[in-house]
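Architecture at a glance
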Amino acid sequence: MPKIQRIGVVGAGLMGSGIAEVHARAGLDVVVNEVSQSALDAGKAKIEKSLQRAAKAGKIADADVDATLGRLTFTTDIEAFADRDFVVEAILEQEQAKTELFGRIDEVVTNESAILASNTSSIPIMKLGMATQRPEHVVGVHFFNPVPVLPLVELVASVRTSDDVVARAEEHVTGTLGKTAIHCQDRAGFIVNALLVPYLLSAIRMYEAGFASAEDIDEGMEKGTAHPMGPLRLSDMVGLDTIKAIADSMYDEYKEPTYAAPPLLMRMVDAGLHGKKSGRGFYDYS
Ligand code: 3HC
């Protein structure tokens, strides 16, 4: 089987832009797709900022910034994915939007050996696979934010994913991208979010109940357990809308109160307080 060279990324938000960046940094040709030109421009700006940050830190040479950007093509036309070897979906965490998109990707990708991957963290891979005519080629490849910094990728096979597709995806993320892969079953939240999200929800409940200030909750976990970020700051970074969507998927799957979104989280999401990306969450970023 030829090496994975041509990448397609759908979604240029926090995760999609990071996924596109790490592929371009690994020397691969990347097509990034979004629904609008403004979303593409915002994604491109995120990648440029991150590359400049990496160059400033001496992680990449200045010349690599332009070379990496040169390997990225931004388009609103998903038909540009026809020849892609590896497509990663990284759109919002909504089942219907994702299944519709997988149906569309299946129609446009003519490369029969292509791997169709999802960066979902909580929606069953089986549902995405069954939206296509090739569920054996559909696999979960879940990155962590910030993607250029965090080394982990969760690989998730549905009951229909072929072993060969999992092996090729693993070779790609470990060999080509230099990430560490872990495997898990097709269950909402996989390994990391199934453990992390109940913890973040507990912190939100603690804050909601007036136990302590946001700053003290975060400082407690940063200084008391050496976490790089406290739970409320981390929730703001991940996005409160994303945390709620993951919590809802896990609650749907397991029906356990530990996964239930607290009312404060629901109200903040309704109010458009989505964390760092919206300028305000538990903290103000304006
Ligand atoms: N993009 C690219 N690079 C970034 C970055 C970003 N958004 N943020 C930080 N970096 C880089 C910096 O350039 C710096 O690189 P250097 O060490 O080579 O100079 C390095 O990361 C450290 O950055 P800073 O010194 O500015 O800041 P910190 O030391 O405070 O680290 C952090 C920032 C890497 C975000 C760290 O706080 C961290 O790891 N936090 C926890 C993140 C986490 O838990 N992520 C998982 C979220 S869950 C998830 O993604 C799953 C999803 O499904 C919800």
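Residues numbered from 1 in each chain as written. Predicted model: local features only at pLDDT ≥ 70, side-chain atom pairs only at ≥ 80, totals over all residues. Heavy atoms only, no water.

The next point concerns the pairing of strand E4 (residues 86–89). Of the two faces of E4, the one lined by Phe86 and Val88 and the one lined by Val87 and Glu89 are each fully buried. Summarising the sheet, strand E1 (residues 6–10) and E4 pair through four bridges and their orientation is parallel. The residue bridging glycine 8 from the neighbouring strand is valine 87, located in E4. Sheet topology note: the E4/strand E5 (residues 115–118) ladder contains four bridges and is parallel. Counterpart to valine 88 in the pairing with E5 is alanine 117. In this fold, E4 hands off to helix H4 (residues 95–108), which returns the chain to E5; that crossover is right-handed. (Buried < 20%, exposed > 50% of the residue type's maximum accessible area, 1.4 Å probe, protein only. Helix = DSSP H or I, 4+ residues; strand = E, 2+ residues; numbered from the N terminus. Pairing = 2+ DSSP bridges. Right-handed = clockwise from strand over helix to strand, strands pointing away.)

With that out of the way, let us pick up the site of the ligand. Neighbouring the ligand are 19 residues, the closest being Arg53, Lys59, His142, Asn145 and Asn193. Within the contact set of the ligand, an oxygen atom lies 3.1 Å away from a side-chain nitrogen or oxygen of lysine 59. Between the ligand and asparagine 145 there is a distance of 2.8 Å, counted from a nitrogen atom to a backbone nitrogen or oxygen. When the free accessible area of the ligand is taken as 1,000 Å², the share hidden by the protein chains comes to 64%. Going through the elements one at a time, helix H2 (37–56), helix H7 (192–208) and helix H9 (231–238) are the ones with two or more residues in the shell around the ligand. With three residues, the single largest contributor to the shell around the ligand is H9. By residue class, the composition of the shell around the ligand is 12 nonpolar, five polar and two charged. (Near = heavy atom within 4 Å. Polar contact = N/O pair within 3.5 Å; in protein donor to acceptor, adjacent residues only side chain to side chain. Areas by Shrake-Rupley, 256 points an atom, 1.4 Å probe, with all protein chains shown as cover. Nonpolar A, V, L, I, M, F, W, Y, C, P; charged D, E, K, R; others polar.)

What the domain assignment reports for the protein chain is domain 1 (6–184) and domain 2 (194–278). Using C-alpha coordinates to define each centre, domain 1 is positioned 26 Å away from domain 2. Taken together, the contacts link eight residues of domain 1 with six residues of domain 2. A buried area of about 540 Å², summed over both sides, lies between domain 1 and domain 2, and 65% of it is on carbon and sulfur atoms. Linking domain 1 with domain 2 are zero salt bridges, by the criterion used here. Here domain 1 and domain 2 share one residue pair in polar contact (both at pLDDT 80 or more) between them. Residue composition of the side of domain 1 that touches domain 2, by class: four nonpolar, three polar and one charged. (Domains from an automatic or database assignment. Contact = heavy atoms within 4.5 Å. Buried area = accessible area lost by both parts, 1.4 Å probe. Salt bridge = Lys/Arg side-chain N within 4 Å of Asp/Glu carboxyl O.)

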